[in-house]
Amino acid sequence: MEARRNAWRIYRESLPILVVSLAGGIFAGSVLGSAGMTEGFERFPGLLLLLPAFLATRGNVYGAMGARISSGLHQGMIDPSFSWDRRLVNAVAASFINGIGISVIIAVLSWGILRVLGRESARLVELLGIMLISGILTSITLIFGLLALVFAGYKHGLDPDNLIGPIVTTLGDVFGVIFLFVAITVVGGVF
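Residues numbered from 1 in each chain as written. Predicted model: local features only at pLDDT ≥ 70, side-chain atom pairs only at ≥ 80, totals over all residues. Heavy atoms only, no water.

Engineer: Explain the UniProt feature "transmembrane region" (unreviewed entry) in the protein chain here, please?
Structural biologist: With numbering aligned to this structure, UniProt lists the feature "transmembrane region" (unreviewed entry) at residues 15-35, 89-114, 126-151 and 163-190. Between the end C-alpha atoms of residues 15-35 the distance is 33 Å, and the span holds 90% helix and 0% strand. As a span, residues 89-114 carries 100% helix and 0% strand, and end to end its C-alpha atoms are 38 Å apart. (UniProt positions renumbered as here; feature names shortened; annotations may be inferred. Helix = DSSP H or I, 4+ residues; strand = E, 2+ residues; numbered from the N terminus.)

Pasting the structure below:
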């Protein structure tokens, strides 16, 4: 009976955020299909190659951060508030550095793969600029968005383990695509 009650609690906690995640994915897809994004993909060849890696690594990096935060909350080592806490600061700093670092690696690898295959590619500096701008903006948004939502859920009695996956993927996809568009616009204006 206890297992059934736990399964129902997990379902109850997860379903609303999964519905929001579905809506977020549809929104991100509509942004990707917009004329501005299509023009950006045409202007900067190679963006389609790096897009899946960029979105996936947002989930990987910030999912790991969310897991550390969740463990800290469950163990009572982190308070569910935006206060100076060494563990929280370390988790945030590590995730930010990883998020930016992997953005640079994605740009370089995408550019290199296209060169090796003899395919058209945007200049490396353009891909780096796009990845750095979108990487920094998504990192900041994911860090504060994830913390705010997980802390709020925890304070209302929800298990952060049930929230982290859908929150990270939704925020990562929605803001990743939006900030990729912003970065394309900025880099397009500079170069």
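Engineer: Just checking my understanding: could you explain the side chain of S95 for this structure?
Structural biologist: Within the element layout of this structure, S95 appears in helix α4 (residues 86-116). Beyond its immediate stretch of four places on either side in the chain, S95 contacts V61, Y62, M65 and R68. (Contact = heavy atoms within 4.5 Å.)

Engineer: I keep staring at helix α5 (residues 124-155) and nothing clicks. Help me out?
Structural biologist: Count 3.6 residues to each turn of an α-helix, and residues three or four apart come out pointing the same way. In this model, α5 (32 residues) spans 45 Å end to end at C-alpha, consistent with the 46 Å of a helix rising 1.5 Å per residue. Directly after α5, the chain includes G157, whose backbone phi takes a positive value near 85°. (Expected span 1.5 Å × (residues − 1).)

Engineer: Explain the UniProt feature "domain: SLC41A/MgtE integral membrane" (unreviewed entry) in the protein chain here, please?
Structural biologist: Under the present numbering, the feature "domain: SLC41A/MgtE integral membrane" (unreviewed entry) in UniProt falls on residues 52-182. Secondary structure across residues 52-182 divides into 83% helix and 0% strand, with the first and last C-alpha atoms of the span separated by 17 Å.

Engineer: Can you walk me through the packing of aromatic side chains in this structure?
Structural biologist: Aromatic ring pairs are defined here through the distance separating the ring centres and the angle between the ring planes. The tally for this structure, following the rule as stated, stands at 3 aromatic pairs. Judged by centre distance (6.2 Å) and plane angle (35°), the ring pair of F82 and F144 falls under tilted. A residue pair is termed long-range when its members are at least 10 positions apart, and F82 in the loop between α3 (47-74) and α4 and F144 in helix α5 qualify at 62 residues. F144 sits in the partly exposed class, given a relative accessible area of 49%. Following the ring pairs from residue to residue traces out a cluster consisting of F82, F144 and F151. (Phe/Tyr/Trp six-rings, centres within 6.5 Å; stacked < 30°, edge-to-face > 60°. Buried < 20%, exposed > 50% of the residue type's maximum accessible area, 1.4 Å probe, protein only.)

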